[in-house]
There are 2 protein chains.
Amino acid sequence: MARVVECVPNFSEGRRKEVIEAIVEPFRVAPEVTLLDYAPDADHNRTVVTVAGDPENVLAAVFEAIRTAASLIDMEAHTGEHPRMGATDVVPFVPIREITMTECVDLARRLGSRVGEELGIPVFLYEAAATRPERTNLADIRRGQYEGWKTKINDPDWRPDFGPSALHPSAGATVVGARMPLVAFNVNLGTSDMRIANSIARAVRHIGGGLRFVKALGIEMQDRGIVQVSMNLTNYTKTPIYRVMEMIRAEARRYGVPIISSEIIGLTPAESLFDVAAYYLQLEGFSSSNVLENRMTE
Amino acid sequence: MARVVECVPNFSEGRRKEVIEAIVEPFRVAPEVTLLDYAPDADHNRTVVTVAGDPENVLAAVFEAIRTAASLIDMEAHTGEHPRMGATDVVPFVPIREITMTECVDLARRLGSRVGEELGIPVFLYEAAATRPERTNLADIRRGQYEGWKTKINDPDWRPDFGPSALHPSAGATVVGARMPLVAFNVNLGTSDMRIANSIARAVRHIGGGLRFVKALGIEMQDRGIVQVSMNLTNYTKTPIYRVMEMIRAEARRYGVPIISSEIIGLTPAESLFDVAAYYLQLEGFSSSNVLENRMTE
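All values derive from a computational prediction rather than experimental measurement.

J.: Looking at this structure, I do not really get the overall build of chain A. What am I missing?
T.: Regarding its fold elements, chain A presents nine helices and eleven strands. Here the C-alpha radius of gyration of chain A, 21 Å, is about what a compact globule of 298 residues would show, namely 19 Å. With the C-alpha coordinates aligned to their principal axes, the bounding extent of chain A is approximately 60 × 45 × 35 Å. Sequence-distant contacts, at least 24 apart, represent 72% of the contacts inside chain A between residues at least 6 apart.

J.: Please explain the relation of the copies chain B and chain A as it appears in this structure.
T.: The transformation that overlays chain B on chain A combines an axial shift of 0.0 Å with a rotation of 180 degrees, and the residual RMSD is 0.1 Å. Considering both components of the superposition, the chain copies are consistent with a two-fold axis. Every residue of chain B has its C-alpha some distance from the rotation axis, and the shortest such distance is that of Ala277 of chain B, at 2.5 Å. Residue by residue, 100% of the interface of chain B is reproduced at the interface of chain A, so both copies engage with the same surface.

J.: How should I be thinking about the packing of helix α1 (residues 17-29) of chain A against helix α2 (residues 55-72) of chain A in this particular structure?
T.: Axes are the key here: two packed helices are described by the angle between their axes and the distance separating the axes. Residues and elements named next belong to chain A. Where α1 contacts α2, the two axes come as close as 7 Å, and the packing angle between them is 160 degrees. Comparing their axes, α2 and α1 come out roughly antiparallel. Pair α1 / α2 crosses with right-handed handedness. Contacts between α1 and α2 involve Val19, Ala22, Ile23, Val24, Pro26 and Phe27 on the former and, on the latter, Ala61, Glu64, Ala65, Thr68, Ala69 and Leu72.

J.: I keep staring at the domain arrangement of chain A and nothing clicks. Help me out?
T.: Quoted interface sizes are often the accessible area lost when the parts come together. When its domains are assigned, chain A resolves into domain 1 (4-178) and domain 2 (183-295). Between the C-alpha centres of domain 1 of chain A and domain 2 of chain A there is a distance of 30 Å.

J.: Is there a simple way to think about α1 of chain A in this case?
T.: Every α-helix winds through 3.6 residues per turn, so residues three or four apart in the chain are directed the same way. Residues and elements named next belong to chain A. For α1, with 13 residues, the first-to-last C-alpha span of 18 Å sits near the 18 Å given by 1.5 Å per residue. Of all the bends in α1, the greatest reaches close to 35 degrees and is centred on Ile23; the proline Pro26 follows between one and four positions later. The inward-facing, buried residues of α1 contact β2 (10-11), β3 (33-41), β4 (46-53) and α2.

J.: Looking at this structure, how should I read the pairing of strand β7 (residues 174-178) of chain A?
T.: Along any regular strand the residues' side chains alternate between the sheet's two faces. Residue and element names in this part refer to chain A. Counting buried residues in β7 gives five out of five residues, a clear majority hidden from the surface. Residue alternation in β7 divides its side chains into two sets, Thr174, Val176 and Ala178 and Val175 and Gly177, and both sets are buried. Across four bridges, strand β5 (residues 88-97) lies against β7 in parallel orientation. If you follow Phe93 over to β7, its bridge partner there is Ala178. Two strands pair when backbone bridges link them, and strand β6 (residues 123-127) and β7 are joined in this way by five bridges, in the parallel orientation. By the bridge assignment, Val123 is partnered in β7 with Thr174.

J.: Explain unusual backbone geometry to me, please; I cannot follow it from the model alone.
T.: Among all residues except glycine, the phi angle is most often negative; among peptide bonds, the trans geometry is most common. At Asn45 of chain B, a residue that is not glycine, the phi angle is positive and equals roughly 50 degrees. Inspection of the secondary structure puts Asn45 of chain B in the loop between β3 (33-41) and β4 (46-53).

J.: Explain the interface of chain B and chain A to me, please; I cannot follow it from the model alone.
T.: Residue-level contacts link 34 residues of chain B with 35 residues of chain A. Listing elements by their share of the side of chain B that touches chain A, those giving two or more residues are β3, α7 (241-253), β11 (259-265), α8 (270-280) and α9 (292-295) of chain B. With six residues, the top contributor of residues to the side of chain B that touches chain A is α8 of chain B. Each residue belonging to the side of chain B that touches chain A can be placed in one class, and the counts come to 22 nonpolar, seven polar and five charged.

J.: Just checking my understanding: could you explain the packing of α2 of chain A against helix α3 (residues 101-119) of chain A for this structure?
T.: All names here are of chain A. Two numbers describe how α2 lies on α3: the axes approach to 10 Å, and their chain directions differ by 35 degrees. The way α2 lies across α3 gives a crossing that is right-handed. Residues Pro55, Leu59, Val62, Phe63, Ile66, Arg67 and Ala70 of α2 form the contact with α3, whose own contacting residues are Leu107, Arg110, Leu111, Arg114, Val115 and Leu119. Grouping the constituent residues of the contact of α2 with α3 by class yields ten nonpolar, no polar and three charged.

J.: Can you help me understand the sheet that holds β11 of chain B in this one?
T.: The pairing of strands in a sheet comes from backbone hydrogen bonds and takes either a parallel or an antiparallel form. Residue and element names in this part refer to chain B. In space, the four strands of this open sheet follow the order β9-β10-β8-β11, with antiparallel pairing throughout. Since the sheet does not close on itself, it has two edges, and those belong to β9 (214-221) and β11, each with one partner. On average, each strand axis in the sheet is tilted by 20 degrees relative to the strand beside it, whichever way the strands run. Pairing of β9 with strand β10 (residues 226-233), which is carried by eight bridges, proceeds in the antiparallel orientation.

J.: Would you mind going over the sheet that holds strand β9 (residues 214-221) of chain A with me for this structure?
T.: All names here are of chain A. Strands sit in the order β9-β10-β8-β11 across an open sheet of four strands; the sheet is antiparallel. Here the strands that pair on one side only, and so sit at the sheet edges, are β9 and β11 (259-265). Between one strand axis and the next, the sheet turns through 20 degrees on average, direction left out of account. Running at roughly 175 degrees to β9, helix α6 (residues 194-204) makes contact with β8 (183-189), β9 and β10 (226-233) of the sheet. Against the sheet, helix α7 (residues 241-253) touches β8, β9, β10 and β11, its axis set at about 25 degrees to β8.

J.: Just checking my understanding: could you explain the environment of Asp157 of chain B for this structure?
T.: Among the structural elements, Asp157 of chain B can be located in the loop between α5 (145-152) and β7 (174-178). Along the backbone, Asp157 of chain B and Glu134 of chain B are 23 residues apart, and their C-alpha atoms lie at a distance of 9.7 Å.

J.: What's the story with the environment of Arg159 of chain B in this structure? I'm lost.
T.: Residues and elements named next belong to chain B. Turning to its location among the elements, Arg159 is positioned in the loop between α5 and β7. By C-beta crowding, Arg159 is classed as exposed, having 11 other C-beta atoms within 10 Å. Each C-alpha atom of the pair Arg159 and Phe124 lies 8.5 Å from the other, and the pair is 35 residues apart in sequence.

J.: Whenever I open this one, the confidence of the model for chain A confuses me. Can you help?
T.: Fine structural detail should not be taken from predicted coordinates in areas where pLDDT scores are low. The predicted model of chain A has a mean per-residue pLDDT of 95, with 99% of residues at 70 or higher. Under the prediction, the complex receives an ipTM of 0.84, its pTM being 0.85.

What counts and how
- Residues numbered from 1 in each chain as written.
- Chains lettered and ligands numbered in written order.
- Predicted model: local features only at pLDDT ≥ 70, side-chain atom pairs only at ≥ 80, totals over all residues.
- Helix = DSSP H or I, 4+ residues; strand = E, 2+ residues; numbered from the N terminus.
- Rg over C-alpha atoms; globule rule 2.2 N^0.38 Å.
- Contact = placed C-beta atoms within 7 Å.
- Least-squares fit on C-alpha atoms with pLDDT ≥ 70 in both.
- Axes fitted to C-alpha atoms, helices over the stretch in contact; angles between N-to-C directions.
- Parallel < 35°, antiparallel > 145°, perpendicular 65-115°, else oblique.
- Left-handed = near helix turned anticlockwise from the far one by under 90°.
- Domains from an automatic or database assignment.
- Expected span 1.5 Å × (residues − 1).
- Bend = angle between axes of the 7 residues up to and from the residue.
- Buried ≥ 20, exposed ≤ 12 C-beta atoms within 10 Å, placed from the backbone.
- Pairing = 2+ DSSP bridges.
- Nonpolar A, V, L, I, M, F, W, Y, C, P; charged D, E, K, R; others polar.
- pLDDT = per-residue confidence, 0-100.

The following block contains the structure:
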């Protein structure tokens, strides 16, 4: 486990099992690549795949998966609830270990270039790989979806970063980029009052004047009779988990509401938890090189 | 980084650089083994080596290091402040990843058997590998040191677990075993009053009625004008770091003394810090399989 990049490609197929298996096959056979998860969603007709491993091998495998998706998925026949614009809809590279964001941007560009030239699919770069500010957000790029993109691609402002200025006849277009790992962090509050969850969510989230890398919503947990502040932390190195926790604790105090528990959904980098431990233990001079497993890869 | 055992052999040479280098050489060349640290101490005339990696390869490399130490160190000529009874004095195996304590005991037995039979050095098993209760503690085995052991080994109660019932003429005897990772955890208090540090150390440590797997001492930090509770946590899975921290916090409160900071000296397993994060975040349903890097090895 030397250098590790994570990649989370989203494919527009969540129903035909044999197609999904064919798409993930390159990740199963690639050396030094681990297929961590793939979650087909029939309603969305979409599968989110999570892989991690050696950057060059991940790059090669994801290209093969995109090629397979282009040959087996016909966007003309695709229906599903989730917005999408291509057979391979979006491909973020995520730095995990001994790899910088700049190197992830380079991977995104190299993948985009190959997908554009070899597969004839228009590619747009997003997030940290974006070539202009209005292409940073995926939602802005994807607006109009596959159907709308048939005309949107003729707009000079929406010339692709790689590949032809026309949708691929069956595979549509693909968005490729680089971003930080997301941490899905939820905090449960000892109240059933949704107004309190919403008010705290507004206080902590960036859009409401809160922390820079927090997206937050109030959610009702009806079966438990409580409410939750449900969050995505989009850069745990700059907005660490403990800071979010303590800000929620401070906000909850004004309502006399206790924090019951929290949860991390899915995967989080080890480093994000070391930060939490170092804060609450008030550790001096601690770095991840104090962690035995980390020292083994240095 | 699949299965990982740590091994911390102590050799009775801390002065002759070329001897120390020859002893650690097997760890440098072994495949899937990382030489994490080696710290020669001239006053103790002793070198503590820390290695980790594939269990079979660590076993093979440590045997070679013991063979080298036996050929280059003469205990008849050895002087130093630290108690010792052999050229290779003590060899603990420590479970880190995907390996049980039982498997570490098995490694200790296999190493002991080879050292006894092939090198003719008497071997005593200690800690989790001990064959009787009075051999659990290293200090009990080592009492009398190399010089005293010339007669102690004739005592029927001290027949070695492996090898001859006589000291090796130059290499003495060796203690081999298995134990949990040690976490060296110190807490700094906002006072210069040593009585408070000693009192808190007595309260938290096992011997004083405190936590089962805590050894603690009060220490004066003269340059900073503060005192410290200096600890070894001998089983972080049963006495987790956060519990020690919170117990010290509670004890310090009775003196109106704040915790200034804490420190972890050397290496600690990632798992020991995940426990801390999970406690302070009140995480529900968290396991180390939520950690991205861990999932890559499953």
